[in-house]
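Here is what each chain is made of, one letter per residue.
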Amino acid sequence: MESLVQLEVLCERLYNSQDSAERTHAENTLKCFSTNVDYISQCQYILDNALTPYALMLASSSLLKQVTEHSLSLQLRLDIRNYLINYLASRGPELQPFVIGSLVQLLCRLTKFGWFDDDRFREVAKESINFLNQATSGHYAIGLKILNQLVSEMSQPNPGLPSSHHRRVACSFRDQCLLQIFQISLTSLNQLKNDAINKLQELALSLSLKCLSFDFVGTSIDESSEEFGTVQIPSAWKSVLEDFSSVQIFFDYYALTKPPISKESLECLVRLASVRRSLFTNDATRSKFLDHLMSGTKEILRTGQGLADHDNYHEFCRLLGRFRVNYQLSELVTMEGYGDWIRLVAEFTSKSLLSWQWASSSVYYLLGLWSRLVSSVPYLKGDAPSLLDEFVPKITEGFITSRLDSAQSGLPDDISEHPLDNVDLLQDQLDCFPHLCRFQYENSSMFIINIMEPILQIYMEKAQLQTGDNSELSVVEAKLAWIVHIIAAILKTKQSVGCSAESQEVIDAELSARVLRLVNAADSGLHSQRYGELSKQRLDRAILTFFQNFRKSYVGDQAMHSSKQLYARLSDLIGLNDHLLLLNFFVQKIATNLKCYTESEEVIDQTLSLFLELSSGYMTGKLLLKLDTIKFIVANHTREHFPFLEEYRCSRSRTTFYYTIAWLIFLEDSAALFKSAMDPLLQVFITLESTPETMFRSDSVKYALIGLMRDLRGITMATNSRRTYGLLFDWIYPAHMPILLRGISHWADKPEVTTPLLKFMAEFVLNKGQRLTFDTSSPNGILLFREVSKLLVAYGSRILSLPTATDIYGFKYKGIWICLTILSRALAGNYVNFGVFELYGDRALADALDIALKMTLAIPLADILAYRKLTKAYFALVEVLFNSHLVFVLSFGTHTFMHIVGSLESGLKGLDAGISSQCASAIDNLAAFYFNKITMGEAPSSPAAVNLARHIAECPAVLPEILKTLFEIVLFEDCSNQWSLSRPMLSLILINEQMFTDLKAHILATQPLDQHQRLASCFDKLMADINRSTDPKNRDKFTQNLTIFRHDFRVK
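First, a word on scope: everything that follows refers to the structure included in this document.

Cut-offs and rules
- Residues numbered from 1 in each chain as written.
- Predicted model: local features only at pLDDT ≥ 70, side-chain atom pairs only at ≥ 80, totals over all residues.
- Heavy atoms only, no water.
- Salt bridge = Lys/Arg side-chain N within 4 Å of Asp/Glu carboxyl O.
- Helix = DSSP H or I, 4+ residues; strand = E, 2+ residues; numbered from the N terminus.
- Buried < 20%, exposed > 50% of the residue type's maximum accessible area, 1.4 Å probe, protein only.
- Axes fitted to C-alpha atoms, helices over the stretch in contact; angles between N-to-C directions.
- Parallel < 35°, antiparallel > 145°, perpendicular 65-115°, else oblique.
- Left-handed = near helix turned anticlockwise from the far one by under 90°.
- Contact = heavy atoms within 4.5 Å.
- Nonpolar A, V, L, I, M, F, W, Y, C, P; charged D, E, K, R; others polar.
- Polar contact = N/O pair within 3.5 Å; in protein donor to acceptor, adjacent residues only side chain to side chain.
- Expected span 1.5 Å × (residues − 1).
- Arc of directions from axis to C-beta.
- Core = buried A, V, L, I, M, F, W, Y, C linked by side-chain atoms within 4.5 Å.
- Disulfide = S-S within 2.5 Å.

Attention now goes to the pattern of salt bridges. Within this structure, the stated rule accounts for 48 salt bridges. The partner of Lys492 in a salt bridge is Asp431, with the nearest N and O atoms 3.4 Å apart. Of this pair, Lys492 sits in helix α25 (residues 470-492) while Asp431 sits in the loop between α22 (423-429) and α23 (433-439); the two residues are 61 residues apart in sequence, bridging distant segments of the chain. Assessed through its relative accessible area of 37%, Lys492 is described here as partly exposed. The salt bridge involving Glu905 is made with Lys909; its shortest N-O contact spans 3.6 Å. With Glu905 and Lys909 both in helix α47 (residues 894-909), this residue pair falls four residues apart, about one helical turn. The exposure class assigned to Glu905 is buried, which follows from its relative accessible area of 12%. For Lys909, a relative accessible area of 29% corresponds to the partly exposed category. Within this structure, Glu453, Glu510, Arg514, Arg517, Arg569 and Asp572 form a network of salt bridges that share partners.

Here it is as structure tokens:
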């Protein structure tokens, strides 16, 4: 850089320029500051002398990158830390907020990464108090910003920092500093109560919220989800939370401040209301705590203060919803002000239901509270009245009315998603409503029937007309959809409070009969021309949801015999007197939907899902085969009868459709039925086989191939026995296999073709339920693997030679992970003797392994770990290779071998216990091989042993590093797969005992001095009664010792 001025101009361009080329040039020129360690002193020079905030921002963000990505010396890190504190103290208040934010983040990152390296890093809380004690508000704000950022930094895992190390630092920080920081936030809130500077109040509140939201037990709470469990506050916080003022301060702030600060006060109260029960000294102190919460919420309910703001309102509903999670009805009714409180909550709920447009998603927290209270009524002891009889019926009726009002007035155009569109979410939200309905079921059901009858009458009359007013019909359909969803939710939950199961069944029948009458009307007259209308599709999805819930409660193999009252009443009302007639009714609706809906993917998917559920039950599946409609579907599954098969957008649904049809076919033990059902697919094969090479890249071939592969995958999924798989295998092989190879060869660059084709193959080679068991004299297993090998080589060689596309996952990685899955399933399927290939000079195995290796090496490890499905496929294959084909793995060059072993270490550190176990198994196989062939062998005799000895000699640190990682995970993390991790630990310890001794010394050095003697004896006990062998008995003994060792080591 010639001068600081030039640098400032570049920084200005980097952060402000609208021209992307200019920005890229600036970024490339300035990259050296964040990548080269030699530039750290220049960053300091910029901070001291630059005049523009953008230059300061560059220096700060570059240092952050350096600290995060490079191992800087301890002294250098301490120097940067001290420099930053002095810099913020002297120049902080005059800096731009984004520069302060970046410098504070750098300070906190240094603190976290150096937490165990030097005690001085842990003094950051003390340094913050010095800022808070300064006279100026600027310094006060910086002190609060440092603490805010520090708590966030400690709670969030960092890329580049192993999760085990992150957890150790977070736990140490939690035990040593977090309570003190929470107390600082409370003190600050008290000091700032009458302060005019909103920004400071916001920082102090934000700090309280961050402390209460800390990941106390390492469960990585997903804050994006609306619900979280109990807050596991440490016992040391007891005295602070039992102090009345700790709760009151947040209610005070809610009353004093405006949004968004008031919303943060409520968020803190939501966390406090979720504190674990066992924190309190006794029931009396817990009741006192509950009393404070009830008094505070009662005051807000009484005055309605702040609830006109939507965010406040939503958060307040969450706060009331927390009462259901953490407190029992029996506790609430004994409270002094319970009567007033429950009345105010009821009034608030009723008002909320009236303003449904505004409060749609928040209302479900309130319904959840009422549902929990109602469910607790049977367990209520004592004389204290619950007053629920008075309020619950009003709330039930209010909710139903509000849903119909929403349909009547239509929804605003700017709504992101219609509530009736997301059926799964809607049913989740309605989960708590049935408890309210069934609380006084007779009254609730009469209310629903009285509302539904006139609407149903209008709908049935409209069916007779030639034309109808579209908007009016849409409103009627929306109202009916809501009512059907509500009835579906009621049927899903069979729970009796206050009335017998028989009378509930009769009422269920009354409600169901209305829906079944609606189904007949919905597909007749004028309505049968409205399948393209959204409101009609929503109604049909509601009807399908009703069928699904009705089936679970009253049509299953068990439920049929225990529902006599229901069927007797249905017989009186609509003449359906047994489950076979009812099944026929369901199936006719399924067939109607599949024939009439061509555009709506959602309706088709849900219809097929119901079809599959009905077919999957053993009894119901057998019954279905007696029905004419089913016989028709099995015999005529072509696009002429079911136009949705023609639609490319519905092509994913084909897999489910054919899975269900094949499942029903295989229930009948008939090869002739299978053959005749496969005729339409045979015609597609014949057409494709007769297509000349020059025409194979046409659209007609493309869509035929995609459809055919999806259909075949569905059929293959349904084969779950040796007999049924044999029928399919003989039908496909060898006659039709060449089409797969041809498809891959011509369409390798089109993932929309290769993905269904490869997924079919992945299903075809999967040996589930031992279905791939061929006769001892049959070569079919070997022949099938040959086809797999050809396919993998054809795809792999082409995909690797293609240039990279923008969507690299969709274009390349997806196909590769399916290929890896195909290979690992074929290798682990236990239907091929792989020794045969080398014996007879057949390259099939070598070629398949070779191309798989090339494909995995073509993907950076960071990408393998970033895409979940790719991660799973990669580690599944690596486990199989280390288990059964270790000789092949050891034949790699040292660089490749170390890359794969390094990836195993990354897999161990990941959060997925399944992948971690696979990596542990692979490492165990490698270490056991080394121990048996090299450590205990005379001299490496086999080529594989020679290769392994060479690899380890070139990289001697690799095994000690893995052992260290394993110990850190077992000792410092909450690992759920300790048994799996113990296996490679023993093998690695046995390879080289010096390695274990060094590791022991290293771990002890990271622990407090007064603990060394106790921990050293823990290590001695770990190896008690363990001999030098990898036999199962010795391994089991080590695993037992490790469990005791882990427990003793972690005792504080």
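Read on for the rest.
We now examine unusual backbone geometry. Cis geometry marks the peptide bond from Pro259 to Pro260, where omega comes out at 0°. Among the structural elements, Pro260 can be located in the loop between α13 (244-256) and α14 (261-273). Phi at Asn830 takes a positive value of approximately 65°, unusual for a residue other than glycine. Tracing the chain through its elements places Asn830 in the loop between α41 (808-828) and α42 (835-839). Here Asp1025, not a glycine, exhibits a phi torsion of approximately 65°, which is positive. Positionally, Asp1025 belongs in the loop between α53 (1012-1022) and α54 (1032-1050).

Following both chains from N to C, one finds helix α18 (residues 338-354) and helix α20 (residues 363-375) inclined at 140°, their axes separated by 10 Å at the closest point. On the basis of the axis angle, α18 is oblique to α20. In this structure, α18 meets α20 at a crossing whose hand is left-handed. Listed contacts from α20 to Trp341, Ile342, Val345, Ala346, Phe348, Thr349, Ser352 and Leu353 of α18 are Val363, Leu366, Leu369, Trp370 and Leu373. Residues of the contact of α18 with α20, tallied by class, amount to 11 nonpolar, two polar and no charged.

With respect to the element layout, Glu477 can be found in helix α25. A relative accessible area of 0% means that Glu477 is categorised as buried. Spatially, the C-alpha atoms of Glu477 and Ile455 are 9.1 Å apart, while their sequence positions differ by 22 residues. Once residues within four sequence positions are removed from consideration, Glu477 is found in contact with Tyr459, Arg530, Ser535, Lys536 and Leu539. One polar contact links the side chain of Glu477 to the main-chain amide nitrogen of Lys536, over a distance of 3.4 Å.

Between its terminal C-alpha atoms helix α1 (residues 4-16) stretches 18 Å, which fits the 18 Å expected from 13 residues at 1.5 Å a residue. Those residues of α1 that fall on the buried side of the exposure criterion are Leu7, Glu8, Leu10, Cys11 and Leu14. Along α1, the residues classed as buried sweep out an arc of 160° about the axis, all on the same side. Those residues of α1 that are buried lie in contact with α2 (20-30), α3 (32-35), α4 (40-49) and α5 (53-69).

Here we take up the nonpolar core. In terms of nonpolar packing, the biggest core is built from 363 residues, with Trp341, Trp370 and Phe967 touching the most fellow members. A total of 14 residues in this core trace back to one element, the largest contributor, which is α25. Contacts of Trp370, omitting those with residues within four sequence positions, involve Ile342, Val345, Ala346, Thr349, Leu388, Phe391, Val392, Ile395 and Leu436.

With that settled, the discussion passes to the state of the cysteines. Enumeration according to the criterion identifies zero disulfides in this entry. In this structure Cys32 is a free cysteine whose sulfur lies 8.7 Å from that of Cys43, the closest cysteine sulfur available. Unpaired in terms of disulfides, Cys211 finds its nearest cysteine sulfur in Cys268, a separation of 9.2 Å. Judged by its relative accessible area of 0%, Cys211 is buried.

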